[in-house]
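Structural overview for review
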Amino acid sequence: MNAQEKISLDEDWKFHFGHASNLDKDFDYSKTALLHKSNVFATTIVNPKFVDTTWKKINVPHDWVVELPFVKSEQVEMDSHGYKPVGGAYPETSIGWYRKHFTIEKSRNNKRFELQFDGIYRNAEIWFNGFYVGTNFSGYVGNSYDVSDYINFEGDNVIVVRVDATQYEGWFYEGAGIYRHVWLNITDKVFIPEDGIFVHSKVKGKNAEVTIETTIQNNNLKNSNCFVYSYITDRNGKILAKTSKQKVALGIRKDFTLKQKLNLNNARLWSLEDPYLYRVISVVKSGNQIVHQTKTRFGIKTVQFDANKGFFLNGKKIKIQGTNNHQDHAGIGSALPDYMQYYRIKLLKEMGSNSYRASHNAPTPELLEACDSLGMLVLDEQRLLNSSPEYVDQFKRLIKRDRNHASVFLWSIGNEEQNIQGNDYGKRIAQTLLAIQEDLDPTRTSTYAADMANEFKGVNEVIPIRGFNYREFAVADYHRDHLNQPLLGTEMGSTVTTRGIYEKDSIRAYVPDQDITHPWWASKAETWWKLAAQNDYWLGGYVWTGFDYRGEPTPYKWPNISSHFGILDVCGFPKNIYYYYKSWWTNEDILHISPHWNWPEKVGKPIDVWVNSNADEVELFLNGKSLGKKTMERNSHLQWNVTYEPGTLEAIGYKNGRKLTTKVETTNHATKVVAVADKTTVLADGKDGVVVNVSIVDDKGREVPVADNMVKFYISGDAKIIGVGNGDPSSHEPDKCADGTWQRSAFNGKCQVIIQAGKKIEDLKLEVKSNGLSSTVVEINQKNK
Ligand code: GAL
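Quick caveat: nothing in here was measured; it's all calculated off a predicted structure. (Residues numbered from 1 in each chain as written. Predicted model: local features only at pLDDT ≥ 70, side-chain atom pairs only at ≥ 80, totals over all residues. Heavy atoms only, no water.)

**A look at the overall build of the protein chain**
- Regarding its fold elements, the protein chain presents eight helices and 48 strands.
- In terms of C-alpha radius of gyration, the protein chain reaches 27 Å, essentially the compact-globule figure of 28 Å for 785 residues.
- In terms of overall dimensions, the protein chain has C-alpha extents of about 90 × 60 × 50 Å along its principal axes.
- Buried positions account for 62% of the 785 residues belonging to the protein chain.
- Counting contacts in the protein chain only where the partners sit at least 6 residues apart, residues at least 24 apart contribute 69% of the total.
- Accessible surface computed for the protein chain: about 30,700 Å², of which carbon and sulfur atoms make up 48%. (Helix = DSSP H or I, 4+ residues; strand = E, 2+ residues; numbered from the N terminus. Rg over C-alpha atoms; globule rule 2.2 N^0.38 Å. Buried < 20%, exposed > 50% of the residue type's maximum accessible area, 1.4 Å probe, protein only. Contact = heavy atoms within 4.5 Å. Areas by Shrake-Rupley, 256 points an atom, 1.4 Å probe, with all protein chains shown as cover.)

**Considering the site of the ligand**
- Near the ligand, the surroundings consist of Trp 171, His 360, Asn 415, Glu 416, Asn 469, Tyr 470, Glu 491, Trp 521, Trp 544, Glu 552 and Phe 565.
- Within the side chain of Trp 521, a nitrogen or oxygen atom sits 3.0 Å from an oxygen atom of the ligand.
- Separating an oxygen atom of the ligand from a side-chain N or O atom of Glu 552 is a distance of 2.6 Å.
- Within the complex, 92% of the 310 Å² of free accessible area of the ligand lies under protein.
- Here the residues of the shell around the ligand are counted per class, giving five nonpolar, three polar and three charged. (Near = heavy atom within 4 Å. Polar contact = N/O pair within 3.5 Å; in protein donor to acceptor, adjacent residues only side chain to side chain. Nonpolar A, V, L, I, M, F, W, Y, C, P; charged D, E, K, R; others polar.)

**Notes on the side chain of Gln 327**
- As for its placement among the helices and strands, Gln 327 is situated in the loop between strand E25 (320-325) and helix H1 (338-351).
- Side chain to side chain, Gln 327 and Tyr 179 meet in a polar contact 3.3 Å long.
- A polar contact of 3.1 Å, which involves the side chain of Gln 327, links it to the side chain of Arg 180.

**As for the pairing of strand E20 (residues 278-286)**
- With eight of nine residues buried, E20 is to be regarded as a mostly interior element.
- In this sheet, E20 lies alongside strand E16 (residues 224-233) in antiparallel orientation, the contact comprising seven bridges. Counterpart to Ile 232 in the pairing with E20 is Val 280.
- Judged from the nine bridges that link them, E20 and strand E21 (residues 289-298) form a sheet pairing that is antiparallel. Bridge assignment links Ile 281 to a residue of E21, and that residue is Lys 295.
- Between E20 and E21, which pair antiparallel in sequence order, lie two residues; one of them, Gly 287, sits at a positive phi of approximately 60 degrees. (Pairing = 2+ DSSP bridges.)

**So, the sheet that holds strand E48 (residues 776-783)**
- As summarised here, the arrangement of the five strands in space is E41-E48-E47-E43-E45, forming an open sheet in which the pairing is mixed. Two strands bound the open sheet, and with one partner strand each, they are strand E41 (681-683) and strand E45 (742-745). Averaged over all neighbouring strand pairs, the angle between strand axes comes to 25 degrees, with direction disregarded.
- Direction of pairing for strand E43 (residues 710-716) relative to E45: antiparallel, over a ladder of four bridges. Counted as the bridge partner of Phe 713 is Trp 742 from E45. (Axes fitted to C-alpha atoms, helices over the stretch in contact; angles between N-to-C directions.)

**Description of the sheet that holds strand E32 (residues 538-544)**
- Ordered in space as E25-E26-E27-E28-E29-E30-E31-E32, the eight strands form a closed barrel in which the pairing is parallel. Averaged over all neighbouring strand pairs, the angle between strand axes comes to 25 degrees, with direction disregarded.
- Note: E25 against E32, five bridges, orientation parallel. Paired with Gly 322 across the bridge in E32 is Tyr 542.
- Relative to the sheet, helix H3 (residues 389-402) contacts strand E27 (377-381) and strand E28 (408-415), its axis offset from that of E28 by approximately 165 degrees.

**Notes on the UniProt feature "domain: Glycoside hydrolase family 2 catalytic" (unreviewed entry) in the protein chain**
- Listed under "domain: Glycoside hydrolase family 2 catalytic" (unreviewed entry) in the UniProt record, and renumbered for this structure, are residues 308-502.
- Secondary structure content for residues 308-502 is 34% helix and 23% strand, while the C-alpha to C-alpha distance between its ends is 41 Å. (UniProt positions renumbered as here; feature names shortened; annotations may be inferred.)

**Quick notes on the packing of aromatic side chains**
- In the structure shown here, the tally under the stated rule is 39 aromatic pairs.
- The interplanar angle of 50 degrees and the centroid separation of 6.5 Å between the aromatic rings of Phe 456 and Tyr 478 together place this pair among those described as tilted. Taken together, the residues Phe 456 in the loop between strand E29 (446-450) and helix H5 (459-462) and Tyr 478 in helix H6 (residues 475-481) connect sequence positions 22 residues apart.
- We classify Phe 456 as partly exposed; its relative accessible area is 40%. (Phe/Tyr/Trp six-rings, centres within 6.5 Å; stacked < 30°, edge-to-face > 60°.)

**What about the nonpolar core?**
- With 135 residues, the main nonpolar core has Trp 13, Trp 64, Phe 117, Ile 159, Val 161, Tyr 581 and Trp 597 as its most contacted residues.
- Looking at which element gives the most residues to this core, the answer is H1, with seven residues.
- Look past the residues within four positions of Val 161 in its chain and what remains in contact with it is Trp 13, Gly 96, Trp 97, Tyr 98, Phe 117, Ile 120, Ala 124, Glu 125, Ile 126 and Ile 178.
- Core analysis: the next-biggest nonpolar cluster, separate from the first, contains 29 residues, Val 724, Trp 742, Leu 773 and Ile 780 among them. (Core = buried A, V, L, I, M, F, W, Y, C linked by side-chain atoms within 4.5 Å.)

**Thoughts on the environment of Thr 666**
- Among the structural elements, Thr 666 can be located in the loop between strand E39 (658-665) and strand E40 (672-677).
- You can call Thr 666 partly exposed: its relative accessible area is 22%.
- Those residues within four positions of Thr 666 in sequence are excluded, and the remaining contacts are Trp 597, Asn 598, Tyr 644, Pro 646, Gly 647 and Arg 702.
- At 2.7 Å, the side chain of Thr 666 and the backbone oxygen of Trp 597 are in polar contact.
- Within the structure, the side chain of Thr 666 is placed 2.7 Å from the backbone nitrogen of Gly 647, a separation counted as a polar contact.

**Topic: the layout of surface pockets**
- Of the pockets and cavities examined, the second largest pocket occupies roughly 1,400 Å³.
- Lining the second largest pocket are 47 residues; nearest its centre among them are Asn 59, Val 60, Pro 61, Gly 686 and Gln 756.
- Of all elements in the fold, only strand E1 (5-8), strand E3 (56-58), H1, helix H2 (365-374), strand E44 (719-725) and strand E46 (750-757) reach the threshold of two or more residues within the lining of the second largest pocket.
- With four residues, the single largest contributor to the lining of the second largest pocket is E44. (1 Å grid on protein atoms, 1.4 Å probe; cavity = no way out; pocket = protein on both sides within 12 Å on 5 of 7 lines; lining within 4 Å. Points joined across faces, edges and corners; volume = space filled by probe spheres on them.)

**Some words on empty space enclosed by the protein**
- For the structure on display, the rule yields five cavities of 30 Å³ or more.
- If you add up the space inside the largest cavity, you get close to 160 Å³.
- Lining the largest cavity are 20 residues, with Arg 180, Gln 327, Gln 341, Thr 364 and Leu 367 sitting closest to its centre.
- For the lining of the largest cavity, the secondary structure elements donating two or more residues are H1, strand E26 (355-358) and H2.
- Ranked by residue count, the leading element in the lining of the largest cavity is H1, at three residues.
- Its residues assigned to classes, the lining of the largest cavity shows seven nonpolar, nine polar and four charged.

**Details of helix H8 (residues 576-585)**
- In terms of burial, H8 is largely enclosed, as nine of its ten residues are buried.
- All of the buried residues in H8 are Asn 576, Ile 577, Tyr 578, Tyr 580, Tyr 581, Lys 582, Ser 583, Trp 584 and Trp 585.
- Looking at the buried residues of H8, the elements they touch are E25, H1, helix H7 (525-534), E32, strand E33 (591-594) and strand E34 (606-613).

**Quick look at the environment of Lys 663**
- Along the chain, Lys 663 falls in strand E39.
- Separated by 531 residues in sequence, Lys 663 and Tyr 132 place their C-alpha atoms 64 Å apart.
- Those residues within four positions of Lys 663 in sequence are excluded, and the remaining contacts are Ile 593, Thr 648, Leu 649 and Glu 650.

**Observations concerning the pattern of salt bridges**
- Within this structure, the stated rule accounts for 53 salt bridges.
- With a closest N to O distance of 3.1 Å, Arg 550 and Asp 328 form a salt bridge. Of the two residues, Arg 550 is situated in the loop between E32 and H8 and Asp 328 in the loop between E25 and H1; the sequence distance between them amounts to 222 residues. Across the pair, exposure class does not vary: Arg 550 and Asp 328 are buried alike.
- Note that Lys 457 and Glu 455 form a salt bridge whose closest N and O atoms lie 3.4 Å from each other.
- Given the relative accessible area of 37%, Lys 457 is considered partly exposed.
- On the basis of relative accessibility, which here comes to 29%, the residue Glu 455 falls in the partly exposed class.
- Three or more residues joined by partner-sharing salt bridges are found here, namely Asp 328, Arg 550, Glu 733, Asp 735 and Arg 744. (Salt bridge = Lys/Arg side-chain N within 4 Å of Asp/Glu carboxyl O.)

Shown next as structure tokens:
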């Protein structure tokens, strides 16, 4: 057995709705005295003996909101939360009870036990074996609870969680429930706490000086001595440097933080192209026995923000090409399996994005792991600009949780606090939070996302990096007036587009899929990016948003249930603006024509054709006839007004003397479904999974751009479907098909199904069928690690 264990408690939970206003339906929660005595013996819901056998069996991550129907209502916050019946006005679907049983062998009775919840939305009260252990007010940053004194070594151990989502924290879809992982940490009584390691480094020429801060705690009821040392390995486990063994004497229930330094010769720096991660192994020994050993991945990098010259990573100038994102995805809401984090970050990275702003809350730990591994810088954000003990505690938990992540390069202390950002409250709160940040993480600095123009007051007076939400027109003036304060576009652009739609449609609530429409406070992609690209004093900026997200329908409301600010839709399917950003954010050859060429009702009528490309010149041809050659202005796009006739629209681009070609064709009617899995092999660990993207195509294999056929999914083998989506921001079809019949209509030619692996090593088959079309089978190999 290992010295310590981190055991996943994700499986086999029981779930039941409570009730926010009917006491009987809330399992008598407010009718029984749950806090009179320690350990509640009465037959209450928190008692271990309470019978939950009829409750719904679920695994976490679990978001109960994604399963609720869409409800048209004028209720406050309904639209912003995606028209889902959650919040105080929906008492019957806003309280969730969770129960989980497990056993612990008697032989472990000298250990320390800790429950770790990575994220529960929200206001979660937690009991363990009838003992109240704590409340986590935050829906975003997790918490841990020492439950050593309450373990039952003789039989059942029961965790009970009451989740109260009657109050919102944001103005966007937030989901509800235990939507991140749950762990049981078992350690010796002399141990390194969860956030007890802080690794940071200074680059000195080719070498790096790595500082390892190790906190050790003694929960024994006697003074304890231990020896502590650490070593750094490369990613293959080869030891590169080792500290001396240091004796640490710990009083009863005392902790101590040891600071040790190591030199790494020829340090391989963490960068966007080579996100190299070292490991620190921290060892605590008592006598000859290892009592705790942890592994922390870390990266070595230098970061410099220059108010005139811009941002430098490892001394190399980089423009921040960022996206803002909320955490939900099609089909699964905010309960993302880990592989979905990698899927989403990979899509952003492929577009050329190099930074992710976790707007406006603590991200899931596995998202940061994906960013560490894939090379994506993270702007890590605190939910609220508030320095009350509750929010200071949240901020400290956020920093201590995330400060070892190579990807995190900057903190954000808040976003658009219109009531205080320009006054003395905002300034004082910011100063308090900044002092806390500098204390807990002197290696980084902070920004704040202000929706203010050239205004130097409140938070802006004290924030090290001025963040601009929109108002890109004011950046130059602000820079002129404050030459020493670096500037970052914390929210930029914000074109609203519906994938594959080319005409404004106020009934279905769609907007054209081009860089045209934006809210009054925002701008087009080309407006902000040209300024950011051309002016060195811009560190860069973050587009609002990378992916569409549920809630905040703009500019329309119902039937629109999700936003369409995304460069990619909720499934991650690219919209046309994707090719604008990719043209100017990568060095790849890009040549993309829009719209599609299926317009039977428009023969003889004019159509605006857009070409997104980074070629120097582009010539457009309709059915072989040239429509003229145009020169591409950098950070721009080209447009032709073309009289429609069916056939082939072809573009030839010239880039550094090379020829690039692409075309769109009028397709025949749909004949077939095709499906592409993002990988061919999954691990039989019950957690891994695969995203399958479906297209409706014609007899020549060309995607039919207007197809809306209903597609059905049948899986065989030990796996399950966990969600479906199609990117239609006005679709009210279920993302979870409760009756087991999994289906989703295509939206403009595409839909998506998400599969989660089982635990048996057996091949999986996904049959994808649609009435009147020939079907397809996707085979996936399910294997052991
Ligand atoms: C910003 C805000 C974002 C989002 C966006 C929509 O003001 O910070 O969270 O609401 O507007 O345009």
